[in-house]
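# Coordinate inspection notes
Residue strings, one per chain:
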Amino acid sequence: MAIVTAPAKACVVNPLKMSQPIGGAFAFMGLRGAMPLLHGSQGCTSFGLTLFVRHFKEAVPLQTTAMSEVATVLGGYENLEQAILNISNRAKPKIIGICSTGVTETNGDDVDAYLKLIRSKHPQLAKLPLVYVSTPDFKGAFQDGWEKAVARIVEVLVEGPSANGLRDPSKVNVLPGCHLTPGDLDELRVIVEDFGLCPSFLPDLAGSLDGHIPDEFTPTTIGGIGVDEIASMGRAGWTIAIGAQMQRAAEVMQVKTGVPFRVFERLCGLCPNDEFMTFLSEISGRPIPLKYRRQRSQLADAMLDAHFHIGGRKVAIGAEPDRLFDLSGMLHDMGAQVTAAVTTTQSEVIERIKTKEVLIGDLEDLEGLAKTHRCDLLITHSHGRQAAARLKLPFYRTGFPMFDRLGAGHQLSVGYRGTRNLIFEITNLVIAHREENDQPTPDRWRTAAGLPRCSGYRSSTGAAGGAIG
């Protein structure tokens with residue numbers, strides 16, 4: 001069991017974590033026709049918007065109540081009312097998701113009371129879903145904001161069981177964690193559908209932030225799960241939660257609708273996907289398709305090929321708890337040693353990470369641990385690139401934000417195929433770094449006399465490549 005500690009230093013240097021408000025706003029971006037709204041200053045929203053746009057390279061809808069110093073002290077009712085009216089009149093959203101920030105939480109704005117008053121004053125908003133979630137940015141992290149937002153969406157929008165409501169055993173709710181990319185969700189959708197099941201993803205970032213070009217511009221999200229589909233999730237046969245962070249939302253779903261759930265804390269690796277495939281086979285009553293048996297064999301072969309390069313390597317990882325648990329578990333299965341592990345917030349899974357200590361800290365802490373333990377590989381988001389350069393380590397980018405490479409939304413690490421691709425990507429980084437630093441490899445061997453390797457010299461008999469005379 002890993003020991004979980006927090007640094008005693010007075011400030012954060014080179015932050016690893018992103019804030020709760022943008023984690024909550026990110027969840028609302030997986031809803032169709034949504035407009036996330038941060039109840040706070042313009043600077044809070046601008047910072048988050050910059051991160052999203054640089055990460056996805058797409059237009060991202062995100063609005064603000066533009067709180068000033070005076071409004072923050074006197075209360076933000078008027079700013080919230082005006083923002084909702086402006087968004088409703090101009091953007092015509094299907095839903096507005098409201099996330100608090102540090103300034104409004106510190107002042108103690110009663111946003112739920114504000115929303116009731118706004119609805120009573122403006123009857124035209126009666127049918128517009130307004131979902132508020134408390135996400136102060138002075139505590140918690142990106143994963144916490146996502147977790148709270150999804151649980152709140154389930155609580156507000158999912159309809160309870162009706163007297164004549166029938167369950168559809170072929171319908172499955174999927175609650176993905178924020179550590180999964182749109183590419184991961186596309187892969188999961190195909191897997192679930194191959195068992196004859198009909199999945200509903202909440203949130204569904206694969207529909208809104210998968211990098212497609214819409215036929216025409218829309219100021220709200222351009223895809224994702226619709227409000228009507230969310231309302232009907234209570235008639236599903238099962239709920240599948242991916243990541244420990246989604247257990248809370250799954251429990252809310254079960255309490256409200258009676259739908260049973262199963263949590264899969266990992267979907268990166270051989271054994272976690274064996275469990276996932278077996279579960280889908282059980283609830284669908286169908287055998288595992290042959291193509292996944294083939295993909296499993298390919299993953300096993302990839303692990304065999306790569307473990308010569310990965311096994312015994314010391315790895316430093318900085319990520320949100322569920323992403324850290326996922327990646328460290330897969331690398332441990334490959335024989336690597338996670339000797340430096342830094343995360344952003346508390347979670348039940350971090351004590352079970354296969355390492356001696358997990359630090360809740362920043363990228364300065366990660367760099368220090370990687371240097372102390374003489375790590376061979378650094379894994380974190382794009383803000384870790386300077387540390388990797390200083391330490392002269394191969395650097396694998398993962399998580400949010402990833403702004404200095406293309407395709408962040410299409411990274412794939414779930415399922416047999418995703419795990420195989422991830423292993424190849426990381427292993428090739430290690431191989432390329434070794435070659436760049438001219439470390440000894442079989443094709444660099446030399447004879448004791450300093451002659452070129454055997455494939456390129458002539459023997460005393462004059463025959464190329466022959467035995468030494």
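Anyway, here's the lowdown on the structure attached to this text. (Residues numbered from 1 in each chain as written. Predicted model: local features only at pLDDT ≥ 70, side-chain atom pairs only at ≥ 80, totals over all residues. Heavy atoms only, no water.)

If you want to describe how two helices pack, look at the angle between their axes and the distance between the axes. In the contact formed by helix H14 (residues 321-333) and helix H17 (residues 415-436), the axes pass within 12 Å of each other and the chain directions differ by 75 degrees. Considering the angle they form, H14 stands roughly perpendicular to H17. From H14, Leu 327, Met 330 and Leu 331 reach across to H17, where they touch Thr 419, Leu 422, Ile 423 and Ile 426. (Axes fitted to C-alpha atoms, helices over the stretch in contact; angles between N-to-C directions. Helix = DSSP H or I, 4+ residues; strand = E, 2+ residues; numbered from the N terminus. Parallel < 35°, antiparallel > 145°, perpendicular 65-115°, else oblique. Contact = heavy atoms within 4.5 Å.)

Turning to the environment of Leu 202, a few remarks are in order. The residue Leu 202 is located in the loop between strand E7 (198-201) and helix H9 (205-208) in this model. Linking Leu 202 and Val 154, residues 48 residues apart in sequence, is a C-alpha distance of 8.8 Å.

Judged by pairing direction, the sheet is parallel, and its six strands sit side by side in the order E1-E12-E11-E10-E13-E14 without closing on themselves. In the strand order of this sheet, the two ends are held by strand E1 (3-5) and strand E14 (395-397), each with one partner. In this sheet, neighbouring strand axes are inclined to one another by 20 degrees on average, regardless of whether the strands run parallel or antiparallel. Bridging between strand E10 (residues 314-318) and strand E13 (residues 377-380) involves three bridges; their strand directions are parallel. The partner of Ile 317 across the bridge, within E13, is Ile 379. Helix H15 (residues 363-372) rests against E10, strand E11 (337-343), strand E12 (357-360) and E13 of the sheet, and its axis sits at about 165 degrees to E11. (Pairing = 2+ DSSP bridges.)

It is the contact of helix H12 (residues 270-284) with helix H13 (residues 290-310), at a shortest axis distance of 11 Å, that shows an interaxial angle of 170 degrees. The orientation of H12 relative to H13 falls into the category roughly antiparallel. The segment H12 lies against H13, with Leu 270, Asp 274 and Met 277 engaging Tyr 292, Arg 296, Leu 299 and Met 303.

Let's shift gears to empty space enclosed by the protein. Tallying each qualifying case throughout the model produces two cavities of 30 Å³ or more. Volume-wise, the largest cavity comes out at about 340 Å³. The space that makes up the second largest cavity amounts to roughly 30 Å³. If you go around the second largest cavity, the residues you meet are Thr 181, Asp 184, Arg 323, Tyr 396, Gln 411, Leu 412, Ser 413 and Leu 422. Residue classes in the lining of the second largest cavity are distributed as three nonpolar, three polar and two charged. (1 Å grid on protein atoms, 1.4 Å probe; cavity = no way out; pocket = protein on both sides within 12 Å on 5 of 7 lines; lining within 4 Å. Points joined across faces, edges and corners; volume = space filled by probe spheres on them. Nonpolar A, V, L, I, M, F, W, Y, C, P; charged D, E, K, R; others polar.)

Before going further, it helps to spend a moment on the state of the cysteines. Counted by the stated rule, this structure contains zero disulfides. No disulfide involves Cys 44; its sulfur sits 12 Å from the nearest other cysteine sulfur, which is in Cys 99. Its relative accessible area of 24% is what places Cys 44 among the partly exposed residues. With no disulfide of its own, Cys 375 lies 19 Å from the sulfur of Cys 268, the closest cysteine sulfur. (Disulfide = S-S within 2.5 Å. Buried < 20%, exposed > 50% of the residue type's maximum accessible area, 1.4 Å probe, protein only.)

With respect to topology, four strands assemble into an open sheet ordered E7-E6-E8-E9, the strand pairing being parallel. Two strands lie at the open edges of the sheet, namely E7 and strand E9 (261-264), each paired on one side alone. Each neighbouring strand pair of the sheet contributes to a mean axis angle of 25 degrees, computed without reference to strand direction. One ladder, built from four bridges, connects strand E8 (residues 236-242) with E9; its direction is parallel. Note that in E9 the partner of Ile 240 across the bridge is Arg 262.

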